[in-house]
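These are the residues of each chain, in order.
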Amino acid sequence: MDNKDGCCSTHLIDGDGGFNVAGVDNFMKEVKLAECGLSYAVVSIMGPQSSGKSTLLNHLFRTNFREMDAYKGRSQTTKGIWMARCVGIEPCTIVMDLEGTDGRERGEDDTAFEKQSALFALAVSDIVLINMWCHDIGREQAANKPLLKTVFQVMMRLFSPRKTTLMFVIRDKTRTPLENLEPVLREDIQKIWDSVPKPQAHKETPLSEFFNVEVVALSSYEEKEEQFNEQVANLRQRFFHSIAPGGLAGDRRGVVPASGFSFSAQQIWKVIKENKDLDLPAHKVMVATVRCEEIANEKYASFTTNEEWCQLEEAVHSHSVRGFGRKLSSILDTCLSEYDAEATFFEEGVRSSKRKQLEEKLLQLVQPAYQSMLGHIRSDTFERFKEAFDKALKGGKGFALAARECTESFISRFDEECTDAIIDQAKWDSSRVRDKLRRDVDAHIAEVCTAKLSEVTSLYETKLNEALAGPVEALLDGASDDTWPAIRKLLQRETDTAVSGFAAALSGFEMDEESRDNMVFRLKDYARGVVEAKTKEEAGRVLIRMKDRFSTLFSHDQDSMPRIWTGKEDIRAITKTARSASLKLLSVMAAVRLDDEGDNIDKTLSLALVDGRAGASSARSITSVDPLASSTWNEVPPSKTLITPVQCKSLWRQFQTETEYVVSQAIAAQEASKRNNNWLPPPWAIAAMVILGFNEFMTLLRNPLYLGVIFVAYLLFKALWVQLDISGEFRNGVLPGVLSLSTKLLPTVMNLLKKLAEEGQGVASGEPQRNPAVASKSFRGSSSTNDSGDVSTSAPSEVTSENGTEYSSSSLHDKMQ
């Protein structure tokens with residue numbers, strides 16, 4: 001059974017007339033013929049040997065019958081009858097390739113099988129193609145006239161009419177028009193029919209009752225191949241729906257159901273075989289049979305113990321042997337020559353028959369060694385191919401070019417080595433081993449191709465991952481209205497760059513356009529997958545991102561400097577801005593927007609969580625509709641949704657809870673700053689003091705001594721203020737501040753007076769004056785010159801605290817500020 005490219009074929013009847021029951025049964029199961037009912041057709045072809053029957057069938061029905069190799073000479077190719085299913089033709093059509101007639105292999109006198117096979121074809125076929133050369137028209141033997149005459153006569157005696165279509169296929173049509181050739185053929189067929197003795201029941205039956213006659217002509221296959229293929233294609237169309245009314249087999253009768261085809265064909269062949277006249281063997285033939293068989297058995301036993309053959313067999317099982325075919329052919333030839341010498345006087349037919357049997361047994365014995373030899377050649381060639389192919393790829397040669405050159409080179413080497421292993425007595429074909437080598441080579445190429453393509457794909461996927469993951473994360477971190485347009489632009493740019501390089505890398509593989517497009521599409525899809533995966537990853541950390549963004553915007557000003565809550569900042573506006581930016585981050589990460597399709601997620605979140613929050617409660621009380629009480633977004637498919645509305649609402653609630661503490665701390669800091677810096681009386685009080693204290697102010701101006709006393713008192717008060725840290729004491733409340741100051745006031749005043757007394761004694765005792773550098777660090781008299789040149793001298797500007805710390809007038813002034 002051979003099943004290749006959708007064409008299933010089997011050997012129906014071998015050259016010795018044996019019907020292949022098991023093969024036909026397997027064939028019917030393979031093509032499911034039993035399911036066809038009456039909807040099937042049988043086509044057969046007959047004609048002279050080497051007339052191109054198998055070639056015509058292979059082109060016409062896309063079968064895989066073995067064709068003659070013209071370079072090896074014209075010889076018998078088809079033995080017996082082969083059967084195959086036509087490819088691509090409805091209804092199911094079975095075609096039979098008959099052994100050629102008039103062949104030298106069977107000889108001039110052995111025409112029984114030719115008649116039997118032709119009769120069998122006419123009996124089971126709906127359409128019979130009679131293949132004949134154009135130049136044979138009008139001839140007697142070449143045109144199959146005697147054969148047709150015998151077949152017509154026997155068929156009428158054995159079978160009832162079933163309306164078979166005879167299609168004469170004229171090959172290598174010459175310049176003679178078909179219109180002139182067809183009448184000659186039809187006239188010859190009619191003459192044959194008229195000359196055939198008919199039984200009484202069919203004395204007056206016309207030819208048209210048994211046969212439909214069709215004539216077609218084809219150009220030469222070798223010289224006009226294009227015209228031949230075109231004509232065969234047109235002829236092929238006629239076999240479509242051939243059993244329909246008006247078709248080639250539309251008038252057929254007595255059709256056997258498809259399920260009974262095997263049994264019917266077997267019985268027909270049995271009837272045909274039983275009608276062959278057979279003579280019993282004569283006594284001399286019987287003696288020749290026994291004796292020749294004894295000689296053959298002796299020679300076979302002698303061959304099996306031949307030392308040279310045993311050594312060759314042992315060697316070939318372990319490694320390849322040079323000159324294997326020549327050596328084994330010589331051993332076989334010696335054995336057969338010895339048989340011929342001993343059996344030369346016996347009846348020629350028996351002698352030849354037994355010699356053939358001996359030859360077949362010997363060839364069957366040596367065939368495993370031959371197969372082992374082919375196996376070694378195949379494995380060695382395959383290993384050398386892999387090394388050469390790998391070297392060519394490392395050398396930078398394109399993958400497809402390297403594969404093609406290495407394949408052609410090593411398949412050619414295999415053929416050369418197989419020629420050295422050919423056995424002269426056998427007609428064995430190494431095509432199966434060659435095909436296996438070709439399959440191994442193709443499988444290795446496919447494996448390497450897959451690995452290389454995977455390597456290239458991984459390389460560009462890595463590049464895309466590096467080019468997209470980081471930038472996408474950065475863009476999502478700085479979420480804004482332009483985030484997704486920027487991501488789409490980034491994706492398009494990086495994808496185009498990767499696809500350009502990827503396509504260039506694939507050019508060396510010479511892939512078909514569809515496969516290349518599929519790989520490019522997968523790379524683009526991978527790029528989108530990277531972006532979607534990174535977005536999904538960032539969406540899982542959206543709450544952390546929102547809090548980081550809020551903290552950054554809330555705690556830093558526009559110059560990215562930390563905020564100092566002095567009491568002038570609008571915390572409400574800052575909070576709203578920071579939360580709006582965080583909400584923008586949530587809306588950006590809520591869905592994947594790589595297809596540039598609009599949505600209302602940002603607007604919905606803003607209205608539901610920020611802008612419309614004040615009026616949302618009243619609106620919900622009326623409508624009882626919450627825009628975030630849903631598991632899907634409008635206009636956004638679930639596959640693109642990363643954070644559902646319900647999840648957004650939950651995240652926002654958690655976000656507000658975790659950021660309220662920061663806001664409350666800022667408000668507290670601002671209130672504390674206001675309390676610390678707001679020591680001046682209200683403006684109206686200052687105005688009242690100016691108006692009511694005008695007289696006292698004028699008095700001070702008239703008597704500068706008062707100003708000196710007041711200045712000294714100010715310095716002492718300022719020193720006490722700093723020393724006692726009055727502002728710090730009152731931070732915790734008025735009562736705790738008063739109690740604390742009451743315990744510190746007297747010791748601090750005594751300490752200041754003591755210091756002043758010590759300084760006064762030092763001056764009275766004539767203490768030398770300090771140098772300016774030291775004086776600048778102790779008591780310093782500050783003087784200043786005004787624009788008119790007057791010099792004013794201030795009082796001593798330094799006092800010492802209880803713990804020894806010195807305060808200058810300037811430092812006191814700073815503290816007051």
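Please read these numbers as outputs of a predicted model, since none were measured by experiment.

With that settled, the discussion passes to the packing of helix α10 (residues 307–318) against helix α11 (residues 324–342). Packing of α10 against α11 leaves a shortest axis separation of 10 Å and a crossing angle of 150°. One element, α10, and the other, α11, form an angle in the roughly antiparallel class. The two elements α10 and α11 cross, and the hand of that crossing is left-handed. Residues E308, W309, L312 and V316 of α10 form the contact with α11, whose own contacting residues are F324, K327, L328 and I331. A per-class count over the contact of α10 with α11 returns six nonpolar, no polar and two charged.

Quick look at the pattern of salt bridges now. In the structure shown here, the tally under the stated rule is 30 salt bridges. In this structure, R252 engages D126 in a salt bridge whose closest nitrogen and oxygen atoms are separated by 3.2 Å. Note that R252 is positioned in the loop between α7 (225–237) and α8 (261–274) and D126 in the loop between α3 (112–124) and β6 (127–133), a separation of 126 residues in sequence. Neither residue differs from the other here; R252 and D126 are each classed as buried. In this structure, D477 and R545 form a salt bridge, with 3.1 Å as the shortest nitrogen-oxygen distance. Remark: R545 occurs in helix α17 (residues 542–555) and D477 occurs in helix α14 (residues 431–477); sequence separation between them is 68 residues. D477 gets classed as partly exposed once you look at its relative accessible area, which sits at 37%. Its relative accessible area of 16% is what places R545 among the buried residues. Bridged by salt links that share partners, the residues E473, D477, K534, E537, E538, R541 and R545 form one connected network.

The next point concerns the UniProt feature "binding site: GTP" (unreviewed entry) in the protein. On the UniProt side, "binding site: GTP" (unreviewed entry) is annotated at positions that read G47, P48, Q49, S50, S51, G52, K53 and S54 here. Among the secondary structure elements, G47 is positioned in the loop between β3 (40–46) and α2 (53–61). Mapped onto the secondary structure, G52 falls in the loop between β3 and α2.

Between its first and last C-alpha, α17 extends 20 Å over 14 residues, near the 20 Å set by a 1.5 Å rise per residue. Residues of α17 that are buried include every one of V542, L543, R545, M546, R549, F550 and F554, and no others. The buried residues of α17 all sit within an arc of 160° when viewed along its axis, so they share a single face.

Among the seven residues in β3, seven count as buried, and that is most of the element. The alternating pattern of β3 places Y40, V42, S44 and M46 on one face and A41, V43 and I45 on the opposite face, and all of these are buried. Note: β3 against strand β5 (residues 92–98), six bridges, orientation parallel. Its bridge partner being in β5, V42 is matched across the sheet by I94.

So, about the confidence of the model for the protein. In this model, the protein carries an average pLDDT of 78, and 81% of its residues clear a pLDDT of 70 or more. Contacts for the low-pLDDT stretch residues 276–284, under 50 throughout, to residues beyond four places or in other chains number two contacts. In the predicted structure, residues 614–623 sits below a pLDDT of 50 and forms four contacts with residues beyond four places in sequence or in another chain.

All right, on to the nonpolar core then. Grouped together as the largest cluster of nonpolar side chains are 106 residues, with contacts concentrated most on F324 and F389. Examining the composition of this core, we find that 15 residues originate from one element, helix α12 (residues 348–394), more than from any other. When residues no more than four places from it in sequence are discounted, the contact partners of F389 are F399, A402, A403, C406, H444, I445 and V448. Counting 54 residues, the second-largest nonpolar core is a separate cluster that includes F19, A118, F120 and I268.

Let's shift gears to a nonpolar patch on the surface. The grouping of V712, L716, L746, M750, L753 and L756 at the surface amounts to a nonpolar patch, some 550 Å² of accessible area in total. Every element with two or more residues in the nonpolar patch is listed here: α24 (704–724) and α26 (734–764). Ranked by the residues each element gives to the nonpolar patch, the list is headed by α26, at four residues.

How each quantity is defined
- Residues numbered from 1 in each chain as written.
- Predicted model: local features only at pLDDT ≥ 70, side-chain atom pairs only at ≥ 80, totals over all residues.
- Heavy atoms only, no water.
- Axes fitted to C-alpha atoms, helices over the stretch in contact; angles between N-to-C directions.
- Helix = DSSP H or I, 4+ residues; strand = E, 2+ residues; numbered from the N terminus.
- Parallel < 35°, antiparallel > 145°, perpendicular 65-115°, else oblique.
- Left-handed = near helix turned anticlockwise from the far one by under 90°.
- Contact = heavy atoms within 4.5 Å.
- Nonpolar A, V, L, I, M, F, W, Y, C, P; charged D, E, K, R; others polar.
- Salt bridge = Lys/Arg side-chain N within 4 Å of Asp/Glu carboxyl O.
- Buried < 20%, exposed > 50% of the residue type's maximum accessible area, 1.4 Å probe, protein only.
- UniProt positions renumbered as here; feature names shortened; annotations may be inferred.
- Expected span 1.5 Å × (residues − 1).
- Arc of directions from axis to C-beta.
- Pairing = 2+ DSSP bridges.
- pLDDT = per-residue confidence, 0-100.
- Core = buried A, V, L, I, M, F, W, Y, C linked by side-chain atoms within 4.5 Å.
- Patch = residues over 30% accessible without salt bridge, like charges linked within 9 Å, V, L, I, M, F, W, Y side chains within 5 Å.
- Areas by Shrake-Rupley, 256 points an atom, 1.4 Å probe, with all protein chains shown as cover.

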